[in-house]
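# Observations on the three-dimensional arrangement
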Amino acid sequence: MAGVRLLVVGGYSEEERWRTPRIPKAGEPAYADEFDRLPGGKAFHQAVAAARAGVPTGLVAAIGDDTIDPSGLPANVVARWQVVSGVRTGRTAIVTDTKGQMLSVLSAGANAHLDAAFIAHQSDLFDSAKVLLVSTEANIDAVAATLELAGTKRLLRVLDPGPLPPGLSVREFASTDVLLLDVHEFARVCGRFLSIDITANAVTGMDDTTINALARRLCAGTVVVSLDRSCLVSHGSDRHGDHTDLYRVPTCGAGDVFKGTLAARLLDAPCFRDALLAACSASG
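To keep things clear, this report deals only with the structure shown in the data block. (Residues numbered from 1 in each chain as written. Predicted model: local features only at pLDDT ≥ 70, side-chain atom pairs only at ≥ 80, totals over all residues. Heavy atoms only, no water.)

Bringing the sheet that holds strand β8 (residues 131-135) into the picture now. One open sheet accounts for 9 strands, arranged β5-β4-β1-β8-β9-β10-β11-β12-β13; its pairing is mixed. Among the strands making up the open sheet, the edge pair consists of β5 (77-84) and β13 (246-249). Between one strand and the next, the sheet's axes are offset by a mean angle of 15°, whatever the strand orientation. Helix-sheet contacts for helix α4 (residues 140-152) involve β1 (6-9), β8 and β9 (156-160), and the interaxial angle to β8 is about 170°. (Pairing = 2+ DSSP bridges. Helix = DSSP H or I, 4+ residues; strand = E, 2+ residues; numbered from the N terminus. Axes fitted to C-alpha atoms, helices over the stretch in contact; angles between N-to-C directions. Contact = heavy atoms within 4.5 Å.)

Here it is, written out as structure tokens:
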């Protein structure tokens, strides 16, 4: 296949999914109506979404020596697996109920060992790609090095920092062109990096100017905050083709399908708003 246009770096995990009538209370056993075991993790799902949007995609992630060549990737994904000897592949347990509520627990496994040198060795992927999408389910030092390398290669750098690991710092935000946060993550990073104690409900009730002021203190690039029923876009010096620095779209994008599709659409969309609306539609 031709060279990749989008490079996705981050976490891979094997997902165990349970569906229950309702989320059980603490200490309460519950029967599952459905159970499945699937390949997953942020980087995996985002690469699949980008590939399904028609974009040749590269994927770099770490697995343990208990997993060989994970299945489920489309044909237009070039995967480079760092196999970590003596370490299990990451695991994710997901419990959902009939109302869409979810509990998720991640065991990092090999993701914690993703190595910056292994990533840098994939120079052909960096040379052909135009956009990088990186998530922080992997070793945070490798994430930081990936962002810096992509900057030297002049890639557009998109960062998904969830689930906000302890090692996440302002260095990652400073090396980011597009920062993606849901409302809960936005509230938490305001507390961690700006020492402003707010809740997700408080953010939902804020006006656009207030959210924008906080976003401008977090990242010099574009910040997308996914709220309950809308997405707020706060641009820095680069509007990515948009006409205004600050606006909302009346639809919400969330999850890895949204993020992978957004990164894919940023390659060719006339403006950021068009890419965002396409990603919201794909995730909805």
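Positionally, Asp256 belongs in helix α9 (residues 255-265). Owing to a relative accessible area of 17%, Asp256 belongs among the buried residues under this scheme. If we skip the residues at most four places from it in the chain, Asp256 touches Gly41, Lys42, His45, Gln46, Ala49 and Asp160. (Buried < 20%, exposed > 50% of the residue type's maximum accessible area, 1.4 Å probe, protein only.)

Following both chains from N to C, one finds α9 and helix α10 (residues 272-283) inclined at 145°, their axes separated by 8 Å at the closest point. Our pair here, α9 against α10, has a crossing hand that is right-handed. Taking contact as the criterion, the partners of Val257, Phe258, Thr261, Leu262 and Arg265 in α9 are, on α10, Phe272, Ala275, Leu276, Ala278, Ala279, Cys280, Ala282 and Ser283. Of the residues that constitute the contact of α9 with α10, the class distribution is 10 nonpolar, 2 polar and 1 charged. (Left-handed = near helix turned anticlockwise from the far one by under 90°. Nonpolar A, V, L, I, M, F, W, Y, C, P; charged D, E, K, R; others polar.)

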